[in-house]
Amino acid sequence: MPRLLTLLLLPLSWLYAGVAAVRNWLYDTGFWQSTAAAVPLINVGNLRVGGTGKTPHVAWLTQQLLDLGQQPAILSRGYGRQTRGFRRATSADTAASIGDEPWQHFHGFGGRVPVVVDEDRRHGLAELAAQAPGVTAVVLDDSYQHRRVRPDLNILLTELARPFWLDHVLPAGRLRESRRGARRADVIVVTKCPAELPAAARQQATARALRYARSGVPVLFSSYEYGPPQPVFAEAGPLPAAGQPVVVLTGIAQPEPLLAELRRRGHPIAAHHRFADHHAFTAAELRQLGAALPAGAVIITTEKDAARLREPALHTSAASLPLFYVPIRVAFLADGAARLQALLTPLLTPRAVA
């Protein structure tokens, strides 16, 4: 955003931040109640609107809980879905009925992990407890500002390229509340870092983050590890070869890391069709994409976009395309994984690993 426009919008940002501050004060003083749960609640959220990597970090934490012998569940708002209220994911659901991120989690864990959506997380937790009494921990996806529930571990994500300490509150910036909201974090994770981020850069970022967080809060750093391309549909054809040109299709907030990875792999990027986050693709868009596809090129998308592209209404248009997604997983730098695991373990009731 141009600096002059940012300055002009700052008064509106101060008003927005003031409203958010009053709301937080009402919860902090107990005037408005936050509800705990009978099982540990582990929240993954951010101060910024979109694009900090919540989905792969939720998956990482859920896998850690499984490895520790727990039965985790995931509770999300289900942003972008066409339904409302509480809903538990089943094999009959789609991204339209539960949201693309919950659908991705449900299928990513093969149905082993209950995935539920509800705008009211308090109500969602109550319904989850009634329907899945064996759940021993719940990972909250994007509940940092949802103060009606009280997490046992509050994990704040911030992207290295756009850290919260350099941002402003909406509309001058992209923050949902002021930087002081970082004081609620029990751990801060700086995401989308290069795997070789120098120790000096990590120390500098840690110092900047701790200007707003509580003293002694761990500041960790994570990067993405990309897997080989996978077909969105069985009809996609042979996997992309090294050096093969690609057309990139994205409907996420921050597609730049995927583009950088494709270039690193030596794929010439013939075109990038970029849509807004959580974009609902249409059959007409896919037909246009196929008609303009350069000879010898394949289409690469993200795992989250693949969830929406598998909508039944799109199957005829999408399955005819050479369409692949690149899976990602989180990798922590230095001893970050061990430090986060050490924060998880005390919260959990010991259970024998099956």
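Remember, it's a predicted structure, so these values are computed and weren't measured experimentally. Counting restarts for each chain, with residues numbered from 1 along the sequence as it is written. Reporting of local features is limited, given that this is a predicted model, to residues whose pLDDT is at least 70; pairs of side-chain atoms are given and counted only at 80 or more, and all residues count toward the totals for whole chains, interfaces and linings. Here the side-chain values reflect all heavy atoms present in the structure, with hydrogen atoms and water set aside.

Some thoughts on the UniProt feature "binding site: ATP" (unreviewed entry) in the protein
Per the UniProt record, the feature "binding site: ATP" (unreviewed entry) sits at Arg48, Val49, Gly50, Gly51, Thr52, Gly53, Lys54 and Thr55. Within the annotated group just given, the residues that line the largest cavity are Arg48 and Thr52. The numbering of helices and of strands both runs from the N terminus, where a helix is a DSSP run of H or I of at least 4 residues and a strand a run of E of at least 2. Note on placement: Arg48 falls in the loop between strand E1 (41-46) and helix H2 (54-67). The class for Arg48 is buried, based on a relative accessible area of 9%. For this analysis, residues touch if any pair of their heavy atoms sits within 4.5 Å. Sequence-distant contacts of Arg48, that is, excluding residues within four places in its chain, are made with Glu159, Arg162, Asp167, Arg174, Leu175, Arg176 and Gln254. When you line up the elements, Thr52 lands in the loop between E1 and H2. Classification of Thr52 as buried rests on a relative accessible area of 1%. Excluding anything up to four places from it in sequence, Thr52 contacts Asn46, Leu157, Thr158, Glu159, Thr191 and Lys192. Separated by 2.8 Å, the side chains of Thr52 and Asn46 make a polar contact. UniProt positions are given in the numbering used here, feature names are shortened, and annotations may be inferred rather than shown by experiment. Grid points spaced at 1 Å over the protein atoms alone were grouped into cavities, where a 1.4 Å probe fits but cannot get out, and pockets, open sets with protein on both sides within 12 Å along at least five of seven lines, with lining residues defined by an atom within 4 Å of a point. For every residue, the accessible area obtained with a 1.4 Å probe (protein chains only) is divided by the maximum for its type, and the residue is called buried under 20%, exposed over 50%, and partly exposed between those limits. Contacts described as polar in this section are N or O atom pairs within 3.5 Å, which, within protein, must combine one atom able to donate a hydrogen with one able to accept it, while residues neighboring in sequence count only if both atoms come from side chains.

Here's the deal with the pattern of salt bridges
Salt bridges are defined as contacts in which a side-chain nitrogen from Lys or Arg sits within 4 Å of a carboxyl oxygen from Asp or Glu. This model, assessed by the stated rule, comprises 19 salt bridges. Its salt-bridge partner being Arg148, residue Asp120 comes within 2.8 Å of it at the nearest N-O pair. One end of the pair, Asp120, is in the loop between strand E4 (115-117) and helix H5 (121-131); the other, Arg148, is in the loop between strand E5 (137-141) and strand E6 (153-159), and 28 residues separate them in sequence. Taking the relative accessible area as the measure of exposure, Asp120 reaches 25% and is therefore partly exposed. Beyond isolated ion pairs, a larger network of salt bridges with shared partners links Arg81, Arg84 and Glu119.

Here we look at the environment of Val248
Note on placement: Val248 falls in strand E10 (residues 246-250). Val248 gets classed as buried once you look at its relative accessible area, which sits at 0%. Separated by 76 residues in the primary sequence, Val248 and Ala172 have C-alpha atoms spaced 30 Å apart. Ignoring any residue separated from it by four or fewer positions in sequence, one finds Val248 in contact with Leu258, Leu259, Leu262, Ile269, Ala271, His272, His273 and Ile300.

Points about the packing of aromatic side chains
Any pair of Phe, Tyr and Trp rings, taking the six-membered ring for Trp, is counted once the centres come within 6.5 Å. Such a pair is stacked with planes under 30 degrees apart, edge-to-face with planes over 60 apart, and tilted for the rest. Enumeration according to the criterion identifies six aromatic pairs in this entry. Arranged with centres 5.5 Å apart and planes meeting at 75°, the rings of Tyr27 and Trp32 form a pair that is edge-to-face. Given a relative accessible area of 11%, Tyr27 falls into the buried group. Residue classification places Trp32 among the partly exposed positions, given a relative accessible area of 38%.

Focus: a nonpolar patch on the surface
Where nonpolar side chains cluster on the molecular surface, the patch consists of Leu4, Leu5 and Leu8 and spans about 320 Å² of accessible area. Take Leu4: it is sitting in helix H1 (residues 3-28). For Leu4, a relative accessible area of 61% puts it in the exposed group. Excluding any residue in a salt bridge, patches collect residues exceeding 30% relative accessible area, merging like charges within 9 Å and nonpolar Val, Leu, Ile, Met, Phe, Trp and Tyr side chains within 5 Å. In these tables, accessible area is a Shrake-Rupley quantity obtained with a 1.4 Å probe, and a residue counts as shielded only by the protein chains included in the view.

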